[in-house]
Amino acid sequence: MKMLPTKLKPILNALTEQAIILFPSILIIKFFDLFIFEKEPFKTDGEMLRIFAIIVYKELIFIVIYLLTMGLLLSFIKLISRPVYWFLTILSSLLLLFVYLVTSQYYHTAYLILDHVILFFTLDELLEIAASETGRLANQYFWYYFLPILALVLALIFNKAIITKIISLKITKAIFAILLVVLGVNFMTKNDKLTEKQKTIVTSKPKYIFSSIISHLGEKNELENLNEKEFFTTVSELRNFMGWKASAHQIEYPFARKFENEENNLSEYFNTFDQAPNVVMVFCEGLSSTFSGPNAVLESLTPYLDELYAKSLYWPNTISNTDRTHGVFANALSSLPHGSVRGMLNLKSTFPQHLSIPKLLISNGYSSSFTYGGWGYFDNFEPYLRMNYVKSIRDKVVIIEKDIAQIEKKEDEFSWGFHDKKMVDLYFKFKDTSYNEPFLDIFITLSLHSPFNIPEEDRYRAIAKERLKNIKNGEMLYENYKEVIAAIIYQDEALGNFMEEYKKRPEYENTIFVFVGDHNVNTLPLRSELDSHFVPLAIFSPNLKKNKTFKDIVAHTDIPHSLTTLISPYLNQKEIPQHTHWVGNGLSTKDILSASQPKFIGRFNGDVIGVIQNDTLLMNDKVYKIGQKLSISEINGGDRKTYFDKQIRNYKILNQYVVDSLKLMLPEDTLTYPNAEAKFFFPDYDE
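As the structure is a prediction and not an experimental result, all values here were calculated from the model. (Residues numbered from 1 in each chain as written. Predicted model: local features only at pLDDT ≥ 70, side-chain atom pairs only at ≥ 80, totals over all residues. Heavy atoms only, no water.)

**Things to note about the overall build of the chain**
Within the chain one finds 22 helices and 16 strands. Residue burial in the chain is summarised as follows: out of 687 residues, 57% are buried. Contacts in the chain between residues at least 24 apart in sequence constitute 78% of all its contacts with a sequence separation of at least 6. By element, 57% of the accessible surface of the chain is carried by carbon and sulfur atoms, the whole surface being about 30,100 Å². (Helix = DSSP H or I, 4+ residues; strand = E, 2+ residues; numbered from the N terminus. Buried < 20%, exposed > 50% of the residue type's maximum accessible area, 1.4 Å probe, protein only. Contact = heavy atoms within 4.5 Å. Areas by Shrake-Rupley, 256 points an atom, 1.4 Å probe, with all protein chains shown as cover.)

Okay, here's the thing in structure tokens:
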């Protein structure tokens, strides 16, 4: 300290004070993150300690960045006013500690790293999500919050004494310097050997969210900077990439293209229906091919669904284009592009005119219903469906207000709504009171969702334990994920009950059932982020000629095209438009592990993070080869990465164009299938 200029000593002391206030609390949080809450299995204790060393090193980097920015500002304020300095230091320390706790808990409960998407949540939505974790906060997370806050308070009280001791002990400085060198060398030499999951574990969550927010706020609207020629090139390049034929309308309506009725038509697999077939679409919350199906990565935990797959047209290698249910709605019902700012269903603007399965069927005389145990307005499910002509909305609000049923839950337990078995019973109760054919029914499960507080939890955990006995690493899976596996088994039984009840009904023989995994629950071990989008798709009907499993890599956006080609011969009141805006070309049946048409992958905030073409994946700036069970291995990207990056850019630009101009569906088709009026809940993002 004597070697430093006199003017720098107060600044250095202030920075040291701030570091001492923050670092013990952060260290406690990171200890809990890895040693208490992290469920990723490690081969040895040494591997776990190495991971912890990398975590500490990365948090030190973030703290240094914080000290060189906010810390320096506070240090200069100390030269002017010590009371103001301490007030702001305490306030900023508490805020940063809050960011650490919130981002870490979000990761442990949502199994995703929180990013700039937080800017697009309203306070009500944040409170709704937080309410789902109140039980964990009072129990599992109590010490997680209490100890870091206690450490912060103690560091504030004894700050001066600690600094004096540290400065007087030269050996402490030497140890600290050596520790930094060791951690740095360890990080630089071994970080490349981390698995994808471990790379996520060691990521500094506060650094990630701040970087994401800064990057988002600094993003330029590339659409505004394009001249006419560049826009023409963007449209042409994307359409060529997607395999779409040139259209006279493509510059003004870049997604418009001729509807090819014979492309990916599934009619050959069905016997002729005597009348227009009913359609039941079941969206399965959290269902993934990583744990469902005969070739599941972790072995299948869904015997009832497996039985259904075996007699269906089954695509185990389906891609969820997004990672939230509202995005799946937009994709599987309307094959919409990703949009921007939390996706199409949450646009803070007029919703673009579009074509959808509900519009087509309901306009041709189908009755319709939507049955969901949760709140229908969450992420604008209900208004989107009303815009698409769905009349009967049966969510928890309707069910409770009409005194049809009441939610059963333990005291102080959070519930998203009615659980799956109860909703299956209510679905058929509704069906008995309002039954018309042909019909389109949309049903969403709910129970495979955090906090996984299902009915008869002990019974389903016992079933889970028994079922995992003969599975590799079954004991570890049970100990770490028993509540999730119990919820998987519960949902599977509920869906089994659903189909068993349907078999007793007269309309069963004339019905097409579409079972869609919406996105991976993300709680069980993942090999890569692609697993978050790895879901099953099954189309079943008693009128099927034969069952078949297809290796093809398809996506939710392919569903509307193939379903329309299958049902179109029975539609006669309104003609199907000659053009469509659908992103997908239909469900491929070539039975080859390949995407015959590119599949864009995004997040529910509108970000597009990857694309699959044939058997090659670009995701998060890396190029991979896709293998069996959608395993991936990194390859040299080279020109392919440049090409894919360009197509993602083109796709984003045209997404923004559609959002801004609302030019998705051609005007003449809009007259035939206009959006119905619906009151959307648009969050005030700018406030």
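**Quick word on the pattern of salt bridges**
Between side chains of opposite charge, a pair can form as their charged atoms come close. Taken as a whole, this structure holds 22 salt bridges when the rule is applied. For Lys 625, the salt bridge identified is with Asp 615, shortest N-O distance 3.3 Å. One end of the pair, Lys 625, is in strand S15 (residues 622-626); the other, Asp 615, is in the loop between strand S13 (608-614) and strand S14 (616-619), and 10 residues separate them in sequence. Residue classification places Lys 625 among the partly exposed residues on the basis of a relative accessible area of 33%. Under the relative-accessibility criterion, Asp 615 is labelled partly exposed at 24%. (Salt bridge = Lys/Arg side-chain N within 4 Å of Asp/Glu carboxyl O.)

**A look at a nonpolar patch on the surface**
Together, Phe 142, Trp 143, Phe 146, Ile 149, Leu 150, Val 153, Leu 154, Ile 157 and Phe 158 make up a nonpolar patch on the protein surface, roughly 840 Å² of accessible area in all. Locating Leu 154 in the fold gives a position in helix H6 (residues 142-157). (Patch = residues over 30% accessible without salt bridge, like charges linked within 9 Å, V, L, I, M, F, W, Y side chains within 5 Å.)

**Some words on the confidence of the model for the chain**
This prediction gives the chain a mean pLDDT of 86; 87% of its residues lie at or above 70. Across residues 682-687 the pLDDT falls below 50, and counting only partners more than four positions away or on other chains, this stretch makes 17 contacts in the model. (pLDDT = per-residue confidence, 0-100.)

**Considering empty space enclosed by the protein**
All told, the structure shown has four cavities of 30 Å³ or more when counted by the stated rule. Quantified by volume, the second largest cavity comes out at close to 60 Å³. Taken together, Trp 416, Gly 417, Phe 418, His 419, Leu 446, Ser 447, His 449, Pro 451, Phe 452 and Asn 453 make up the full set of residues lining the second largest cavity. (1 Å grid on protein atoms, 1.4 Å probe; cavity = no way out; pocket = protein on both sides within 12 Å on 5 of 7 lines; lining within 4 Å. Points joined across faces, edges and corners; volume = space filled by probe spheres on them.)

**Some words on the pairing of strand S12 (residues 595-602)**
Of all eight residues that make up S12, seven are buried, and the element is covered over most of its length. With five bridges joining them, S12 and S13 adopt antiparallel strand pairing. Residue pairing for S13: Ala 595 is matched across the bridge by Asn 614. (Pairing = 2+ DSSP bridges.)

**Here's the deal with helix H21 (residues 638-661)**
Taking 1.5 Å per residue, 24 residues should reach 34 Å; H21 reaches 35 Å between its end C-alpha atoms and fits that length. Where H21 is concerned, the buried positions are Phe 644, Gln 647, Ile 648, Asn 650, Tyr 651, Ile 653, Leu 654, Asn 655, Tyr 657, Val 658 and Val 659. Contacts made by the buried residues of H21 are with helix H11 (228-242), S12, S13 and S14. Leu 662 sits one or two residues past H21 and shows a positive phi near 60°. (Expected span 1.5 Å × (residues − 1).)

**Here's the deal with the sheet that holds strand S16 (residues 632-634)**
Pairing within the open sheet is antiparallel, and its five strands lie in the order S12-S13-S14-S15-S16. On the outer flanks of this sheet lie S12 and S16, each paired with one strand and no other. Strand after strand, the sheet turns through a mean of 25° between neighbouring axes, direction not considered. Strand contacts of H21: S12, S13, S14 and S15, with the helix running at about 120° to S13, the strand carrying the most contacts. (Axes fitted to C-alpha atoms, helices over the stretch in contact; angles between N-to-C directions.)

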